[in-house]
Amino acid sequence: METLSAFSLTQEDWHKLLLSEGESPHLLPFWLDGLYKDKKIWNKHVSPKLIERLKGKLDFSLPEISHVQESLDGTVKFLMRFKDQMEVETVLIPFHKRFTVCLSTQVGCGMKCSFCYTGTQGLKRNLTSGEITGQYMVATKWLKQKNAKAINPNIVFMGQGEPLHNLTEVSRAINVFNAPQLLGLGQRQMTLSTVGYLPGIKALKNFPHTNLALSLHSPFEDERKLLIPVNERFPLSEVMKELDILTNQKKRIITYEYLLIKNLNMSDKHIEGLYELLEKRKAIINLIPFNPFPGSPWERPDEDEIKVFKEKLVAKRLRVLVRTTKGSDILAACGQLKVNKLARQNGTN
Ligand code: SF4
């Protein structure tokens, strides 16, 4: 059986484990500070025998960086390798004075969205919570080696995989990120993005709180199915019903991500459709110009088309943002992630 990662344990798990090892609860803060901040703390407060015993029970290793690419705009794309040699991409994105880490939650993805490079790869396996927190820790360490004053990055679950298709492990990882004595990120510093995986959305009622984003991309069921095949099983109308329950319960605003694809979803009919769908809801529309990838069937609109589409939505009094594309020169932008060894070896990815 695979050894459990130390970085998948919540604060409560550590509390119970130390007690079961016959240790005082007062040891917990020193143990956690040593694990997450500075191992030197252990020299003073933790017995070497306890460290040895726990090393025999848990896996303290982190993913390895097998490849790094830095974009001209400061975006950094890592290829992270796990113990079974499977790899995912993790991206550090500069935003004003801090960074955001885009984390993967699965190796590949089974959702097959037609605008997404990862979708062409298929689902290989779910990541464990330790592998999800591990990506964050490795990317943050890399960042701090470059700039010791860098602030801990925020998180978006928008890398490879559908986070709600791996609910148990993602939920556990969020608990680790959120615990003040573990990684200490606030709930508002984490954003979970879904394509509308309905069983996962229903389960969000009992899920640790984060910001939530839905990949919308079209207000029309038939067109959305073309872009997001899972819309066939989980129609937008059902997804919206569940999101309404969630916003009423948890008083949150949902971000609706809208890919801008030339000659596809940018007509006046789409403006009307978005208005009908969102005018009465607490919504922010995040417009994302499509990022082409090798073999993609769609095209990116030009800057004027993007501006006009945004202005038409604003004129309808909808709240709209346009996401700046980052890292497209290294295929690290939204929808462009895919572990592609051949392209890497050829220097094309
Ligand atoms: S967009 Fe997200 S859910 Fe869709 S195929 Fe890509 S990684 Fe999977």
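Residues numbered from 1 in each chain as written. Predicted model: local features only at pLDDT ≥ 70, side-chain atom pairs only at ≥ 80, totals over all residues.

**A short note on helix H2 (residues 28-36)**
Part 1: Within H2, the full set of buried residues consists of Trp31, Leu32 and Leu35. Seen along its axis, H2 keeps its buried residues to an arc of 90°; they face one direction.
Part 2: Lining the buried residues of H2 we find helix H1 (11-20). (Buried ≥ 20, exposed ≤ 12 C-beta atoms within 10 Å, placed from the backbone. Helix = DSSP H or I, 4+ residues; strand = E, 2+ residues; numbered from the N terminus. Arc of directions from axis to C-beta. Contact = placed C-beta atoms within 7 Å.)

**Topic: the sheet that holds strand S4 (residues 98-102)**
Part 1: Across the sheet, 10 strands lie side by side as S1-S2-S3-S4-S7-S8-S9-S10-S11-S12; this open sheet has mixed pairing. Looking along the sheet, the strands with just one partner apiece sit at the ends: strand S1 (64-70) and strand S12 (320-322). Averaged over all pairs of adjacent strands, the angle between strand axes in this sheet comes to 25°, irrespective of strand direction.
Part 2: Bridge count between strand S9 (residues 211-215) and strand S10 (residues 254-260): four bridges; the pairing is parallel. Pairing of alanine 213 across the sheet is with threonine 255, part of S10.
Part 3: In the packing of helix H5 (residues 129-146) onto the sheet, contacts are made with S1, strand S2 (76-81), strand S3 (87-95), S4 and strand S7 (154-157), and the angle to S3 comes to roughly 50°. (Pairing = 2+ DSSP bridges. Axes fitted to C-alpha atoms, helices over the stretch in contact; angles between N-to-C directions.)

**Looking at the site of the ligand**
Part 1: Taken together, Cys109, Met111, Lys112, Cys113, Cys116, Thr118, Gly119, Gln160, Gly161, Glu162 and Val195 are the residues near the ligand.
Part 2: Broken down by class, the residue content of the shell around the ligand amounts to five nonpolar, four polar and two charged. (Near = placed C-beta within 6 Å. Nonpolar A, V, L, I, M, F, W, Y, C, P; charged D, E, K, R; others polar.)

**Some points on the domain arrangement of the protein chain**
Part 1: By the assigned domains, the protein chain splits into domain 1 (6-57) and domain 2 (64-345).
Part 2: Placing a centre on the C-alpha atoms of domain 1 and another on those of domain 2 gives a separation of 34 Å.
Part 3: At the interface, seven residues of domain 1 touch 13 residues of domain 2.
Part 4: Among the elements that take part in the side of domain 1 that touches domain 2, H2 stands out by supplying three residues, more than any other. (Domains from an automatic or database assignment.)

**Thoughts on helix H11 (residues 303-315)**
Part 1: When the terminal C-alpha atoms of H11 are compared, their 18 Å separation across 13 residues agrees well with the 18 Å that a helix rising 1.5 Å per residue should span.
Part 2: One or two steps after H11, the chain reaches arginine 317, where phi turns positive at roughly 65°. (Expected span 1.5 Å × (residues − 1).)

**Some details on the nonpolar core**
Part 1: Counting 40 residues, the largest nonpolar core has Leu92, Val101, Cys102, Leu103, Ile155, Phe157 and Phe177 as its most contacted members.
Part 2: Take this core: its biggest share by element is five residues, from helix H6 (residues 167-178).
Part 3: Residue-level mapping places this core at the junction of two domains, with at least three residues from each of domain 1 (6-57) and domain 2 (64-345).
Part 4: Other than its neighbours up to four places away in sequence, leucine 92 contacts Thr75, Val76, Phe99, Val101, Ala139, Leu143 and Pro153.
Part 5: Ranked by size, the runner-up nonpolar core spans 39 residues in total, among them Val195, Tyr197, Ile201 and Val239. (Core = buried A, V, L, I, M, F, W, Y, C linked by C-beta atoms within 7 Å.)

**Examining unusual backbone geometry**
Part 1: Its identity as a non-glycine residue notwithstanding, glutamine 85 has a phi of 75°, on the positive side.
Part 2: Among the structural elements, glutamine 85 can be located in the loop between S2 and S3.
Part 3: Non-glycine residue lysine 112 carries a positive phi angle of around 60°.
Part 4: Within the secondary structure, lysine 112 sits in the loop between strand S5 (106-109) and strand S6 (122-126).

**Focus on the confidence of the model for the protein chain**
Part 1: When pLDDT is averaged along the protein chain, the result is 91, and 93% of the positions lie at 70 or above.
Part 2: The weakest mean pLDDT in the protein chain belongs to helix H12 (residues 341-345) at 43; the strongest belongs to helix H10 (residues 268-278) at 98.
Part 3: When the criterion is pLDDT under 50, residues 341-349 qualifies, and its contacts beyond four places in sequence or with other chains add up to six contacts. (pLDDT = per-residue confidence, 0-100.)

**Looking at the environment of glutamine 160**
Part 1: Structurally, glutamine 160 can be placed in the loop between S7 and H6.
Part 2: By the C-beta count within 10 Å, which is 27 here, glutamine 160 ends up buried.
Part 3: Residues glutamine 160 and glutamate 89, spaced 71 residues apart in sequence, show a C-alpha to C-alpha distance of 7.1 Å.

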